[in-house]
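Examination of the molecular architecture
What follows is the residue order along each chain.
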Amino acid sequence: MSSPKRGEILRAPLLHTPRNPFFDARALEAYWDGALLISDGKIEACGEYSTVRANYPAASVTDLRGGFLLPGLIDTHIHFPQLRILGGLGKELLSWLEELALPEEARMAELSYACETARRFLHALASHGTTAALVFGAHFAPATAALFEAAERLGLRIVSGMVLSDRLLRPELHQTPDNAYRESAALIGRFHGRGRLLYAVTPRFALSTSETMLEACEALMREHKGLRFQTHLNESRAEIAEIARLFPWAADYLAVYERFHFTGPGAVFAHNVHPSESELDRLAASGAAVSHCPSSNAALGSGFFPLRRHVEAGVKCSLGTDVGGGTGFGILKEGLQAYLLQRLAPKGLALSPAQLLYLATRGGAEALDLANEVGDFTPGKAADILYLRPPKDSPLAAVVERADSLERVLAALFTLGDSICVSEVRVEGTPVYCAEGDDN
Ligand SMILES: [Zn+2]
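Since the model is a prediction, treat every value here as computed from it, not as a measurement. (Residues numbered from 1 in each chain as written. Predicted model: local features only at pLDDT ≥ 70, side-chain atom pairs only at ≥ 80, totals over all residues. Heavy atoms only, no water.)

So, the overall build of the protein chain
- Tallying secondary structure elements over the protein chain gives 16 helices and 19 strands in all.
- Taken against the 2.2 N^0.38 rule, which gives 22 Å for 440 residues, the C-alpha radius of gyration of the protein chain at 21 Å falls within 12% of a compact globule.
- Seen through its C-alpha atoms, the protein chain measures out along the principal axes to roughly 65 × 45 × 40 Å.
- Among the 440 residues that make up the protein chain, the fraction classed as buried is 61%. (Helix = DSSP H or I, 4+ residues; strand = E, 2+ residues; numbered from the N terminus. Rg over C-alpha atoms; globule rule 2.2 N^0.38 Å. Buried < 20%, exposed > 50% of the residue type's maximum accessible area, 1.4 Å probe, protein only.)

Some remarks on the pattern of salt bridges
- This model, assessed by the stated rule, comprises 25 salt bridges.
- In this structure, Glu29 and Arg19 form a salt bridge, with 3.7 Å as the shortest nitrogen-oxygen distance. Placement of the pair is Glu29 in strand E3 (residues 29-31) and Arg19 in the loop between strand E2 (14-16) and E3, with a sequence separation of 10 residues.
- As a salt-bridge pair, Arg282 and Asp252 come within 2.7 Å of each other at their nearest N and O atoms. (Salt bridge = Lys/Arg side-chain N within 4 Å of Asp/Glu carboxyl O.)

Some words on the coordination of the zinc ion
- Protein coordination of the zinc ion is provided by His77 (NE2), His79 (NE2), His232 (NE2) and Asp322 (OD), with donor distances spanning 2.1 to 2.5 Å.
- Around the zinc ion, the 4 donor atoms sit at angles spanning 82 to 171°, and that spread fits a shape best called irregular.
- A relative accessible area of 3% places His79 in the buried class.
- What makes Asp322 buried here is its relative accessible area of 3%. (Donors = N, O, S within 2.8 Å, 3.2 Å for Na, K, Ca; no water. Tetrahedral: all angles 85-135°; square planar, octahedral: opposite > 155°, others 65-115°.)

Quick word on the nonpolar core
- Core analysis: the biggest nonpolar cluster contains 110 residues, and Phe121, Leu122, Leu125 and Ile158 have the highest contact counts within it.
- Among the elements that line this core, the one with the most residues is helix H3 (residues 111-127), at 8 residues.
- Among the nonpolar cores identified, the runner-up in size contains 15 residues, and Leu134, Val159, Ala367 and Val374 belong to it. (Core = buried A, V, L, I, M, F, W, Y, C linked by side-chain atoms within 4.5 Å.)

Quick word on the pairing of strand E13 (residues 228-233)
- Here E13 lies mainly inside the structure; 6 of its 6 residues are buried.
- Following the backbone out of strand E12 (residues 198-203), through helix H6 (residues 211-223) and into the adjacent parallel E13, one traces a crossover that is right-handed.
- Pairing between E13 and strand E14 (residues 267-271): 5 bridges, direction parallel. Within E14, the position partnered with Thr231 by the bridge is Phe269. (Right-handed = clockwise from strand over helix to strand, strands pointing away. Pairing = 2+ DSSP bridges.)

Here's what the structure looks like:
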């Protein structure tokens, strides 16, 4: 075959899910002595080291044996202003919002505070191995712009938007629909499609948005190509009861969003803990995705996520940390949490390591309508890569040493991994994070 003369081969055990393991038992592709050839920020080849080496004799080789290569993790639901309220335990959704989340969201009016929060937030994503994220911005345009700018500096793949609300929150978090439309359009003009950034129209949830505000969102979606959409759906029973009261014309919660044409590929609905069968069927038919946030669902007592019903209905699913409502930044930890809760949930699924990896990577890419660009190591995709290396003498190192299959290793990475073993993170082949003092 014809081969480029240059490029870099990363040599290490590697794992990825180029297919969907909920429907294909052989979806996991893994190589003990694996290699990725990276050239111009893209995956050029993926496979056995000996084969890749033979095909690309002129490429340089970086020997990363001792660790493991995975596609960069993808977080499909997270709120950047909530970094500093992590750990607010003992509340349910609506009281948590009022007492903890919304006062902190209001602090984003102060730009210097928002800039510092954005910087630390993005560092936290990268240091946990997350290369792409769908992020709720702030209720303020300057703070949301600060997040985009910081993401561009760091190099992460961030899809975000200003959060829109015009009722029921704190007055300082409300905008008029006219202002929301104008400021969102300006942010779209500045950031949508700039480098790795994309814009997502982001009404907080139907509870806090009037029909006029939802019409403004609909106009934005109609007037700009390739926008993504994000909001919350069916998170808690109290919220669902309020939606029925506020939108008496809607048959269910999803019907509110459907009326404004928000469902479809690239639309991500967070939580969906309490859906009807009809809502699941309609989500699946539209191509929209659900971001499952198991830590948040447990911490806020929102309920067990009906993953089996989503899978059987054909709804795209991915993982989100939610941050303030959740327990931290790790998508690996979120995978473990999904596994644990599904063990206890009524009719829960016994998730395999391959299914966890898919939810944490390719599932996220599909949710964001980026599956042609990221999510696995298929040649032609961007080289968004997570290199995990178990710390010396750690329990993870001990497990990995005697593991007799890469599937077993993968289970251990989800169980014992997370940020302690994130050694290097690359987006389009360029490092966005390297562990300090990595002496392994
Ligand atoms: Zn949320």
